[in-house]
Amino acid sequence: MLSAFQRIDLAGGPTPLEPMRRIGSKLGHPQLWVKRDDCMPLAFGGNKVRSLEFWLGEAKALDCDMLLVAGSLASNQCRLTAAAGAKIGLDTVVLYAGDAGAPLRGNALLTERFGASIRRLGPVDEAERGQLARQAIAEFEATGRRPYLIGDPVRGALGYARAAQELAEQARSAGLDLSHIVLPGSMGPTEAGMIYGAAVLGLPWTFHLPSVEYPADILRRRLEEIVAGLARLVGTEPPPDWLGRVHIDMRQLGEGYGIATPASLEAARLFSEQEALVIEQTYVAKAFAGLLGAIEDGTIPRDKAACIVHTGGTPSLFEQA
């Protein structure tokens with residue numbers, strides 16, 4: 001399905017698919033699994049590695065000689081772009097939004113360590129940040145450089161379309177009849193990519209997306225736009241009822257993006273103590289809280305195999321109180 005697209009291997013092969021037996025015993029659910037996308041060789045790993053494989057593949061095809069990425073100081077995408085640039089030998093420029101005087105910690109500290117050139121934008125919003133990134137691209141092009149702007153959501157989603165096939169193959173090898181998949185509901189490429197991949201492969205998976213950032217209507221619209229873009233890019237339409245297999249859970253958002261909730265704190269504690277998982281609060285803990293909630297209310301039945309994708313973000317934990 002994706003063989004026509006250039007990809008640079010950064011993940012180092014399939015990530016582990018592990019049973020969560022202790023949690024399963026505690027919850028009375030014997031078929032709980034975790035897909036460990038926090039276990040990759042590149043800079044603590046995480047979901048953005050899969051997107052970067054295709055972004056960098058396109059950068060190579062376009063003969064680009066540098067990478068440019070924009071985000072907040074806590075951005076996993078910026079950290080991993082800097083790491084990928086260091087790994088393959090491309091200059092990387094990172095535009096950081098937020099307090100221009102804030103110290104570089106966690107993800108941002110690693111970004112600096114990987115040799116990226118850092119520019120501080122100050123307190124700009126997402127739209128302004130995008131505009132400044134495009135201006136920087138034009139600035140570098142004017143000097144003769146060939147920059148590649150990291151972040152196209154549709155091409156980035158190819159990474160998780162590929163991950164759907166990887167997970168399906170692992171499940172078959174394990175004799176596992178997967179029914180339910182849990183992912184954080186956020187910007188969309190990770191979720192939309194896996195949903196699209198499962199749909200075109202005919203996999204009978206129901207997706208549960210605890211929102212960590214957007215209202216349900218905005219998240220749904222992002223999914224629809226990215227899936228439509230994937231259909232155009234790949235040339236394969238998903239079944240028309242694909243969205244019917246997607247459940248957006250608004251119960252875990254709490255007071256908003258990046259703000260821990262009692263449920264997310266409890267989920268992080270429980271899965272760390274019972275399964276030795278390292279769980280940060282912005283994305284991953286709320287997804288695991290959503291898994292617990294879906295089992296408790298029967299949305300994920302105890303007799304159906306379920307898998308949660310651990311999307312990484314490990315360095316963020318060291319910035320979170």
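Residues numbered from 1 in each chain as written. Predicted model: local features only at pLDDT ≥ 70, side-chain atom pairs only at ≥ 80, totals over all residues. Heavy atoms only, no water.

K.L.:
Outline the state of the cysteines, supporting the account with residue identities and numerical values.
P.N.:
Applying the stated rule across the entire model yields zero disulfides. Between Cys-39, a free cysteine, and Cys-307, which holds the nearest cysteine sulfur, the sulfur-to-sulfur gap is 13 Å. The class of Cys-39 is partly exposed, set by a relative accessible area of 32%. (Disulfide = S-S within 2.5 Å. Buried < 20%, exposed > 50% of the residue type's maximum accessible area, 1.4 Å probe, protein only.)

K.L.:
Got a sec to walk through the nonpolar core? Specific residues and values, please.
P.N.:
Among the nonpolar cores identified, the biggest contains 43 residues, and Leu-178, Ile-181, Met-194, Trp-205 and Phe-207 are the most heavily contacted of them. Every element with two or more residues in this core is listed here: helix H6 (153–173), strand S7 (178–182), helix H7 (189–201), strand S8 (206–210), helix H8 (216–234), strand S9 (246–249) and strand S10 (305–310). At 10 residues, H6 tops the list of elements feeding residues into this core. Each residue touching Met-194, except ones within four places of it in the same chain, is listed here: Tyr-160, Ala-161, Ala-163, Ala-164, Leu-167, Ile-181, Leu-183, Phe-207 and Val-309. (Core = buried A, V, L, I, M, F, W, Y, C linked by side-chain atoms within 4.5 Å. Helix = DSSP H or I, 4+ residues; strand = E, 2+ residues; numbered from the N terminus. Contact = heavy atoms within 4.5 Å.)

K.L.:
So, the sheet that holds strand S5 (residues 117–122): which residues are in play, and what are the values?
P.N.:
Taken together, four strands build an open sheet; the order of strands is S5-S4-S3-S6 and the sheet is parallel. Here the strands that pair on one side only, and so sit at the sheet edges, are S5 and strand S6 (147–149). The mean angle between the axes of side-by-side strands here comes to 25°, regardless of whether they run parallel or antiparallel. In the sheet, strand S3 (residues 66–72) pairs with strand S4 (residues 91–97) via seven bridges, with the strands oriented parallel. Bridged to Val-69 within S4 is Val-94. Contacting S4 and S5, helix H4 (residues 106–113) runs over the sheet at an angle of about 155° to S4. Across the sheet, helix H5 (residues 126–142) is in contact with S3, S4, S5 and S6; its angle to S3 comes to roughly 160°. (Pairing = 2+ DSSP bridges. Axes fitted to C-alpha atoms, helices over the stretch in contact; angles between N-to-C directions.)

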